[in-house]
Amino acid sequence: MRIAPLSTCAAMASLVPSAGAFSMSNSPGAAFTSTSSAAAASTAPVSRLPSLANFDITPPDARLPWVPDGYATWNWRGNDINYLEMGDPTKPALLLIHGFGASAYHFRYNVPALARDYHVYAFDLLGFGLTDKPVQEYAAEVWKDQALDFMRDVIGPDRSVTVAGNSLGGFTALYAASEATSSLRADETVPDVKGCVLLNAAGRFRDPDAPADDGTKEPNPFVEAVSKAIQRLVIAASFVYTKQPARIEQVLRQVYPINADMVDPELVESIRVPSTDPNAAEVFYRVITKNGSGPQTYVDDLLQTLDCPLLLAWGESDPWIRPAAADKIQALYPRSKRVSIDAGHCPHDEAPEAVNAAILDFMAEIH
């Protein structure tokens, strides 16, 4: 059973990354005190990053600002990674990972609310958002390694982390949590992952009826070359078409079936800007061709090695990843807890209050 092939997300081409080659200081600012009360929040910065130091998290509807130049930079494997952090560093850490074609900004209504009680981080995956987009091969392992290294290098090797993600970011969160908590792990320096939250996670399940691949089938070089050329042409045309603002809004409204009014000009702009990067189309092509049928690692295998509490905060009206996917995860991982959200593919942005409440309850249970 497949949760969601990335090819279904091809209409989100415009969400593919931007250059993100910027430099911003991220040195700690003034001493930080807890933001769990309005009084504390009014006297201390809510973030150690200059771009967010003056942000006010106290209003119930507080929303992250869209910063086209990025929030802060972490250099990973020679690439500039756009990231943000908010909240009290003495509180438990929470890492949010966006979905296919989106960015950290997609958690605009979640970061402020969750940062009142926890130390919240979010970053742009390599090849997406305002992070660099090197022309290379893209696979689930790349983003999993990015998440684990971020937890080690930025959040800190001695801190426990809860990792949450939407769509492709959900699969990345599961992959990272599975490796970090597995009793079979070879690397003892992996972060201490306390829990995992899946928000309509992408990925695919093993098909028990599929014939075994014995590796004896030899590819036809001519057929493969022609197929690849046609595929590139089709994907390139799709990218050009779908990065138009009107098309971006149309696609977003399709996956926000309950409350489409959450799709606003700022969200559309946060998607359009990254698509203008010179490498965006090539990266999009490489991501689609490598992961078009879903990440190559199976969800079943990750759940077998996962050893931490798991929350499914699932948009039950998702037109791409149906509720049956969450049903399957629950069957494979009985320790999981499920909260049904009245939303589509992006429940964290379409119904942020419900998702924030589910995450806060989950965090309170595991800490």
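Residues numbered from 1 in each chain as written. Predicted model: local features only at pLDDT ≥ 70, side-chain atom pairs only at ≥ 80, totals over all residues. Heavy atoms only, no water.

**Quick notes on the side chain of Asp80**
Here Asp80 lies in strand β3 (residues 79-86). At 3.2 Å, the side chain of Asp80 and the side chain of Asn75 are in polar contact. (Helix = DSSP H or I, 4+ residues; strand = E, 2+ residues; numbered from the N terminus. Polar contact = N/O pair within 3.5 Å; in protein donor to acceptor, adjacent residues only side chain to side chain.)

**Quick look at the pairing of strand β9 (residues 310-315)**
Look at any regular strand and the pattern is simple: side chains alternate between the two faces of the sheet. Burial runs high along β9: 6 of the 6 residues are buried. In β9, alternate side chains face the same way, and those of Leu310, Leu312 and Trp314 on one face and Leu311, Ala313 and Gly315 on the other are all buried. One ladder, built from 5 bridges, connects β9 with strand β10 (residues 337-341); its direction is parallel. Bridge assignment links Gly315 to a residue of β10, and that residue is Ile341. Following the chain from β9 across helix α10 (residues 323-332) to the adjacent parallel β10, one finds a crossover that is right-handed. (Buried < 20%, exposed > 50% of the residue type's maximum accessible area, 1.4 Å probe, protein only. Pairing = 2+ DSSP bridges. Right-handed = clockwise from strand over helix to strand, strands pointing away.)

**Re the environment of Asp261**
Counting through the fold element by element, Asp261 comes out in the loop between α6 (245-255) and α7 (265-275). The class for Asp261 is exposed, based on a relative accessible area of 63%. Sequence separation of Asp261 and Glu350 is 89 residues, and the distance between their C-alpha atoms is 8.6 Å.

**Examining the environment of Val355**
Structurally, Val355 is set in helix α12 (residues 352-366). Each C-alpha atom, one on Val355 and one on Ala343, is 9.9 Å from the other, the two residues being 12 residues apart in sequence.

**Points about α12**
The terminal C-alpha atoms of α12 lie 21 Å apart, and with 15 residues this matches the ideal 21 Å at 1.5 Å per residue to within 8%. Along α12, the residues that are buried comprise Pro352, Val355, Asn356, Ala358, Ile359, Phe362, Met363 and Ile366. Seen from one end, α12 has its buried residues packed into an arc of 160°, which puts them on one side. In α12, those exposed residues whose orientation departs by more than 90 degrees from the buried face are Glu353 and Glu365. (Expected span 1.5 Å × (residues − 1). Arc of directions from axis to C-beta.)

**What to know about the sheet that holds strand β5 (residues 119-123)**
Two strands in a sheet stick together by hydrogen bonds in their backbones, pointing the same way (parallel) or opposite ways (antiparallel). Strand order in this open sheet of 8 strands is β2-β3-β5-β4-β6-β7-β9-β10, and the pairing throughout is mixed. At either end of the open sheet lies a strand with only one pairing partner, and these are β2 (72-76) and β10. Here the average twist between neighbouring strands, direction ignored, is 25°. The sheet contact formed by β3 and β5 spans 4 bridges and is antiparallel. Directly across from Leu84, in β5, lies its bridge partner Ala122. The strands touched by helix α3 (residues 140-155) within the sheet are β2, β3, β4 (93-97), β5, β6 (160-167) and β7 (192-201), with β2 carrying the most contacts at an inclination of about 115°. Strand contacts of α12: β4, β6, β7, β9 and β10, with the helix running at about 155° to β7, the strand carrying the most contacts. (Axes fitted to C-alpha atoms, helices over the stretch in contact; angles between N-to-C directions. Contact = heavy atoms within 4.5 Å.)

**Section: the packing of α6 against α7**
Direction vectors running N to C along α6 and α7 enclose 120°, while the axes themselves pass 10 Å from each other. Here α6 lies oblique to α7, going by the angle between them. The interaxial crossing formed by α6 with α7 has right-handed handedness. Contact residues: α6 offers Pro245, Ile248, Glu249 and Leu252, while α7 offers Leu267, Val268, Ile271 and Arg272. A breakdown of the residues in the contact of α6 with α7 according to their chemical character gives 6 nonpolar, no polar and 2 charged. (Parallel < 35°, antiparallel > 145°, perpendicular 65-115°, else oblique. Left-handed = near helix turned anticlockwise from the far one by under 90°. Nonpolar A, V, L, I, M, F, W, Y, C, P; charged D, E, K, R; others polar.)

**Topic: α3**
With 16 residues, α3 ought to run about 22 Å at 1.5 Å a step, and its terminal C-alpha atoms sit 21 Å apart, in line with that. Of all the bends found along α3, the most pronounced is centred on Asp149 and spans about 25°. Within α3, 13 of the 16 residues are buried, which leaves the element mostly enclosed by the surrounding structure. Positioned one or two residues after α3, Gly156 has a phi angle of 125°, which is positive. (Bend = angle between axes of the 7 residues up to and from the residue.)

**What to know about the pairing of β7**
Most of β7 is tucked away: 8 of the 10 residues are buried. As paired strands, β7 and β9 are joined by 3 bridges and run parallel to one another. Bridged to Leu198 within β9 is Leu312.

**Remarks on the packing of aromatic side chains**
Tallied over the full model, the rule gives 11 aromatic pairs. When the ring of Tyr83 is compared with that of Phe150, the centres are 5.6 Å apart and the planes differ by 70°; the resulting orientation is edge-to-face. In this pair, Tyr83 is assigned in strand β3 and Phe150 in helix α3, connecting sequence segments 67 residues apart. When its relative accessible area of 6% is taken as the criterion, Tyr83 is described as buried. Residue classification places Phe150 among the buried positions, given a relative accessible area of 0%. On the basis of an interplanar angle of 70° and a centroid distance of 5.6 Å, the ring pair of Phe100 and Phe128 is categorised as edge-to-face. In this pair, Phe100 sits in the loop between β4 and α2 (111-114) while Phe128 sits in the loop between β5 and α3, placing the two residues 28 residues apart along the sequence. According to the relative accessible area criterion, Phe128 is buried, its value standing at 1%. Here the aromatic residues Trp74, Trp76, Tyr83, Tyr121, Phe123 and Phe150 are joined through ring pairs into a cluster of three or more. (Phe/Tyr/Trp six-rings, centres within 6.5 Å; stacked < 30°, edge-to-face > 60°.)

**What to know about the state of the cysteines**
The full count for this structure, using the stated rule, is 0 disulfides. Cys196 takes part in no disulfide bond, and the closest cysteine sulfur to it belongs to Cys308, at a distance of 5.8 Å. We classify Cys196 as buried; its relative accessible area is 0%. (Disulfide = S-S within 2.5 Å.)

What is shown is where atoms sit, not what they do.
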